[in-house]
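# Structure at a glance
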Amino acid sequence: MKAQVLNKYDDDLTASSWVDMENVPDPKIEKSSDVIVRIGGAGVCRTDLHIIEGVWRVATDPTGTGLLPLIMGHENAGWVEEIGSEVEGLKVGDPVIVHPKITGGTCIACRRGHDMHGENGSFPGVDCNGGYAEALKTSVRNIVKLPQTLIPKEVAAYSDAGLTAYRAAKKASRHLLPGETCVVIGSGGLGHIAIQVLRAMCAADIIVVDPSDLALSLAESCGVDGLVKADGNEVSKVLELTKGRGAEAVLDFVAERGTTSKGLAMTRDMGSYYVIGYGEDINVSAFEMVTTEKNIIGNLVGTWAELTELMSLADKGKVHLATQEYSLANANQALQDLNNGKIKGRAVLVP
Ligand code: ZN
């Protein structure tokens, strides 16, 4: 099959191309629970840029020699192409979305449904071959069958970007009351989904902060109560909009270039600051944590069950993923466009 392969890291993301189109062996069923999915679409994620620049090396490639060549792509949807002998409830041709983490299913975390914290898992596209290709091997445990209304390439990026946004927005929606405020920092591929999930699941006011007019216009089309251009004065503008107190929840989809200190400053006392993006350290004194009783909450993708919840929202038309389609052959262009902030919503590679 054809695949886009990462053969070397590029620490400062300055190379003109990062992945190479190659002919590679087709994935094969090895375990009786394996499923081969013919890719309908693979989302292009900022994590892929972080993989290229080597941010993940400490975790996935500590010796610097073992992981590459790697087929990236952890946001996959398509059609069942082949199933292992013990797979039930799936047939060839079923449209599916793939939860990004392959879990064992028998440890305590898996049995409690905390898929992302299961032991001995793998994460195709990050620590083994993913979906920048014509086909992908996964496990029956990862498969969510798509409702008739949903088309694989249009929903592929829900499997990580959408799911991550959903989990954070769901956590916030559980405590946000009418009349309260949620700030969303960053209205790109994840943020615009979070806005729609918040809209569907709670009645709080939503304020969106972003430096990009493109992202703010996307946020506006999702239905928000306030738009704040991140021009250096965003903290005071949010405080102005919240009567000087800050927001009960702040969802930070950026978490770099200074947004963590600004995000915490936009969070009111006893409010919750959700970290979803990653790229810098959070600096906060123990004194401030004690006196403000603010909560800082990490968010790691989401569970298989949450992916089914998100598909229900999508099936009902409550969330819509803005996508920009690229052919698999144009993977480098998609990655460059993401790196240059030129994508409205989410880039998706279609083989
Ligand atoms: Zn991703």
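Residues numbered from 1 in each chain as written. Predicted model: local features only at pLDDT ≥ 70, side-chain atom pairs only at ≥ 80, totals over all residues. Heavy atoms only, no water.

Turning to the coordination of the zinc ion, a few remarks are in order. The zinc ion binds to the protein through Cys45 (SG), His74 (NE2), Glu75 (OE) and Asp160 (OD), with metal-donor distances spanning 1.8 to 2.5 Å. Viewed at the metal, the four donor atoms of the zinc ion are separated by angles of 92 to 133°, and the geometry they form is tetrahedral. All donors of the zinc ion come from a single chain, and their spacing in sequence reads C-x28-H-E-x84-D. Placement of Cys45 in the loop between strand 3 (34-44) and helix 1 (46-52) and of His74 in the loop between helix 2 (57-60) and strand 4 (76-83) is noted, with a sequence separation of 29 residues between them. Given a relative accessible area of 2%, His74 falls into the buried group. (Donors = N, O, S within 2.8 Å, 3.2 Å for Na, K, Ca; no water. Tetrahedral: all angles 85-135°; square planar, octahedral: opposite > 155°, others 65-115°. Helix = DSSP H or I, 4+ residues; strand = E, 2+ residues; numbered from the N terminus. Buried < 20%, exposed > 50% of the residue type's maximum accessible area, 1.4 Å probe, protein only.)

The next thing to look at is the pairing of strand 11 (residues 247-252). Regular strands show a simple pattern: their side chains alternate between the two faces of the sheet. Strand 11 sits mainly inside the fold: six of its six residues count as buried. Judged from the four bridges that link them, strand 8 (residues 181-185) and strand 11 form a sheet pairing that is parallel. Across the sheet, the residue bridging to Cys182 is Ala249, located in strand 11. One ladder, built from five bridges, connects strand 11 with strand 12 (residues 267-275); its direction is parallel. Across the sheet, Ala249 pairs through a bridge with Ser272, a residue of strand 12. (Pairing = 2+ DSSP bridges.)

Our next topic: the environment of Pro27. One can find Pro27 in the loop between strand 2 (19-23) and strand 3. On a C-alpha basis, the gap between Pro27 and Leu338 in space is 28 Å, while along the polypeptide they are 311 residues apart. What Pro27 contacts, discounting residues up to four positions off in sequence, is Met1, Ile36, Ala135, Leu136 and Lys137. (Contact = heavy atoms within 4.5 Å.)

As a further point, take the nonpolar core. Nonpolar side chains tend toward joint burial in soluble globular proteins. Tyr158, Leu198 and Leu251 are the most contacted members of the largest nonpolar core, which has 91 residues in total. Tallying contributions element by element places helix 5 (residues 161-173) first for this core, with seven residues. Among the domains, domain 1 (2-160 + 301-350) and domain 2 (163-298) are the pair contributing at least three residues each to this core. Discounting chain neighbours no more than four positions away, the residues touching Leu251 are Ala168, Ala169, Ala172, Cys182, Val183, Val184, Ile185, Ala194, Leu198, Tyr274 and Ile276. Counting residues in each nonpolar core, the second largest holds 16 residues, with Ile207, Val209, Ala230 and Ala247 among its members. (Core = buried A, V, L, I, M, F, W, Y, C linked by side-chain atoms within 4.5 Å. Domains from an automatic or database assignment.)

So, on to the pattern of salt bridges. Counted by the stated rule, this structure contains 18 salt bridges. Note that Lys170 and Glu309 form a salt bridge whose closest N and O atoms lie 3.1 Å from each other. You can see Lys170 sitting in helix 5 and its partner Glu309 sitting in helix 11 (residues 304-315), a full 139 residues away along the chain. On the basis of relative accessible area, Lys170 is assigned to the buried category, the value being 10%. With its nearest N and O atoms 3.1 Å apart, the salt bridge here joins Arg257 to Glu256. (Salt bridge = Lys/Arg side-chain N within 4 Å of Asp/Glu carboxyl O.)

For the rest of this paragraph, the subject is the sheet that holds strand 11. Ordered by their spatial adjacency, six strands build an open sheet running 10-9-8-11-12-13, and the pairing between neighbours is parallel. Each edge of the open sheet carries a strand with a single partner, namely strand 10 (226-229) and strand 13 (295-298). Across the sheet, the axes of successive neighbouring strands diverge by a mean angle of 20°, strand direction being ignored. Packing against the sheet, helix 5 makes contact with strand 11, strand 12 and strand 13, and its axis sits at approximately 175° to strand 11. (Axes fitted to C-alpha atoms, helices over the stretch in contact; angles between N-to-C directions.)

A pair of packed helices is characterised by two quantities: the angle between their axes and the separation of those axes. Where helix 6 (residues 191-201) meets helix 7 (residues 213-222), the axes come as close as 9 Å, and the angle between the chain directions of the two elements is 20°. On the basis of their axis angle, the class for helix 6 and helix 7 is roughly parallel. As helix 6 packs across helix 7, the resulting crossing turns out to be right-handed. Here His192, Ile195, Gln196 and Arg199 of helix 6 lie close against helix 7, whose contacting residues are Leu218, Ala219 and Cys222. (Parallel < 35°, antiparallel > 145°, perpendicular 65-115°, else oblique. Left-handed = near helix turned anticlockwise from the far one by under 90°.)

It is worth spelling out the domain arrangement of the protein at this point. Along its sequence, the protein is carved into domain 1 (2-160 + 301-350) and domain 2 (163-298). Spacing between the C-alpha centres of domain 1 and domain 2 amounts to 27 Å. The partner domain 2 presents 18 residues to the 27 residues of domain 1 that form the contact. When the buried area of domain 1 at its contact with domain 2 is split by residue, Val301, Glu306 and Lys344 rank highest and sum to 25% of it. Across the domain 1-domain 2 interface, the total number found is three salt bridges. Of the charged contacts, one joins Glu306 and Arg167 as a salt bridge, the two residues approaching to 3.1 Å between their closest N and O atoms. (Buried area = accessible area lost by both parts, 1.4 Å probe.)

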